[in-house]
Amino acid sequence: MHELSICASIADIATRHAAGRPVSVINVRVGQLRQIVPDTLVYCWGLLSEETPLAGSRIIVETVPARIRCRSCERTADVGDLPVFACAGCGGIDVEIVAGEEFLITSLELADAETGAESETGAGS
Amino acid sequence: MGRFHRHEDGAEHAHDGDGGHSHGTPVGSRAGAPEHAPDGALDHSGYQTSGERVEVLEAIFGENDRTAAANRAEFAAAGVRAVNLMSSPGAGKTTLLRETLSRLAGQLRIGVIEGDIETSLDADRLAGFGAEIALINTGNGFGGECHLDAPMVAAALPRLPLPELDLVLIENVGNLVCPAEFDVGQDARAMVYAITEGEEKPLKYPVMFRSCELVVVNKMDLLPYLDFDLDGFLDNLRKVNPAAEIIFASARTGEGVDAWCDWLRARL
């Protein structure tokens, strides 16, 4: 899997938005159709962030279930655990995915600079 | 482990009042999955939260997608169409490409971007057919990547004489998971599926099967020797990707290869 390279992207984005301020939590939203394993992401973050100004921060993953909307009958429903992309109402196959493909950083929670660990403040570039 | 599952452990659930979407089933507490937090990876926050929140709302693949858009523009400016060809390892991508190059040589000017974790074995198999070949060894990266991403393809483009080409075939790394996630700037995605892989694969790798416009069902010459349920496979494929075009083929015997070449020509 590619969680390690994803963590590098997360580090870039979070470092830019943190602008040198210490970060305690990085909130990440992951759709069900993204093949991201939250445990692995959290684990890789611990490894990768160690050498960065974001060391000590953690990732919190919010998952979003996949939802499809039928263009024929307008019915919207969760896909569920079986990946069937057809309308359960009318059987139509002309469906669009309305949720489940998200993969973004939604927000950062900043740490209190006073209690922030060691010398990280101002280390952002 | 199936990829299409709700994420039960290790993930916490943030209700930050942003609304606009439904949340998943409540996920387990950290205490429910201690084995997933070796050396306290989940918990080694050295900071107290100050309560201040910075809105980000930035796509994690944003940089890849911007590079993919630049690749797409470069293909378009050169009048080239690019097809991203994906499959599991051993499904027959390289054999199909060999047959493709041998049929289309002299008709189309073709470039191949060959992704491989190590070795030039696949690129070597494609030499001698008049195509321009750019090899990307993804093993040079951070521990070896399991897919091609847009920056890797961008790095290969200067090694192809794009203005002289009609078609670029991008042979992705053999893998049914990661390549589906990364836009590399292609005009179309196709996959090679071999009937030796079993009929349940579309349900196990729905993101891959759904990402493709065309599925080449390969190794059809082996059908008499396998317990393969072809109708079951097609049923599974249609559940995941009802709109997919399907070509039955055997790169070994040549069955269906002309239909695949016609599909490629129709992209131009």
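Look a little higher up for the structure.
An account of the accompanying structure is given in this report. (Residues numbered from 1 in each chain as written. Chains lettered and ligands numbered in written order. Predicted model: local features only at pLDDT ≥ 70, side-chain atom pairs only at ≥ 80, totals over all residues.)

1. Quick word on unusual backbone geometry
Line of reasoning, step 1. Positive phi values are uncommon outside glycine, yet Ala19 of chain A reaches one of about 50 degrees.
Line of reasoning, step 2. Structurally, Ala19 of chain A can be placed in the loop between helix H1 (3-18) and strand E1 (23-31). (Helix = DSSP H or I, 4+ residues; strand = E, 2+ residues; numbered from the N terminus.)

2. Looking at the sheet that holds strand E8 (residues 245-248) of chain B
Residues and elements named next belong to chain B.
Line of reasoning, step 1. Strand order in the open sheet made by the seven strands is E4-E3-E5-E2-E6-E7-E8, with parallel pairing throughout. Both outer strands of the open sheet, strand E4 (132-137) and E8, are each paired with one neighbouring strand and no more. Each strand axis lies, on average, 20 degrees off the axis of its neighbour in the sheet, ignoring direction. (Pairing = 2+ DSSP bridges. Axes fitted to C-alpha atoms, helices over the stretch in contact; angles between N-to-C directions.)

3. Looking at helix H8 (residues 257-267) of chain B
Residues and elements named next belong to chain B.
Line of reasoning, step 1. For H8, the set of buried residues is Val257, Trp260 and Leu264. End-on view of H8: buried residues confined to an arc of 60 degrees, all on one side of the axis. Along H8, exposed side chains directed more than 90 degrees from the buried face belong to Asp262 and Ala266.
Line of reasoning, step 2. Residues of H8 that are buried in the fold lie against strand E2 (81-87), helix H2 (93-104), strand E5 (167-171), strand E7 (214-218) and E8. (Buried ≥ 20, exposed ≤ 12 C-beta atoms within 10 Å, placed from the backbone. Arc of directions from axis to C-beta. Contact = placed C-beta atoms within 7 Å.)

4. A word on the packing of H1 of chain A against helix H2 (residues 38-49) of chain A
All names here are of chain A.
Line of reasoning, step 1. Contact pair H1 / H2: the axes reach a minimum separation of 9 Å and the direction vectors enclose 60 degrees. Here H1 is positioned oblique relative to H2, judged by the angle of their axes. Like other packed secondary-structure pairs, H1 and H2 cross with a definite hand, here right-handed. Counted together, Glu3, Leu4, Ile6, Cys7, Ala8 and Ala11 of H1 and Thr40, Leu41, Cys44, Trp45, Leu48 and Ser49 of H2 form the full contact between these two elements.
Line of reasoning, step 2. In the contact of H1 with H2, the residues fall into nine nonpolar, two polar and one charged. (Parallel < 35°, antiparallel > 145°, perpendicular 65-115°, else oblique. Left-handed = near helix turned anticlockwise from the far one by under 90°. Nonpolar A, V, L, I, M, F, W, Y, C, P; charged D, E, K, R; others polar.)

5. As for the pairing of E2 of chain B
Residue and element names in this part refer to chain B.
Line of reasoning, step 1. Most of E2 is tucked away: six of the seven residues are buried.
Line of reasoning, step 2. When E2 meets strand E6 (residues 188-194), the two strands line up parallel, connected through five bridges. Note on E6: the bridge partner recorded for Ser87 is Val192.

6. Examining the packing of H2 of chain B against H8 of chain B
Residues and elements named next belong to chain B.
Line of reasoning, step 1. Packing of H2 against H8 leaves a shortest axis separation of 10 Å and a crossing angle of 70 degrees. The angle between the axes of H2 and H8 places the two elements in the roughly perpendicular class. Only Val257, Trp260 and Cys261 of H8 make contact with H2, whose side of the interface consists of Leu96, Glu99, Thr100, Arg103 and Leu104.
Line of reasoning, step 2. Here the contact of H2 with H8 is built from residues that sort into five nonpolar, one polar and two charged.

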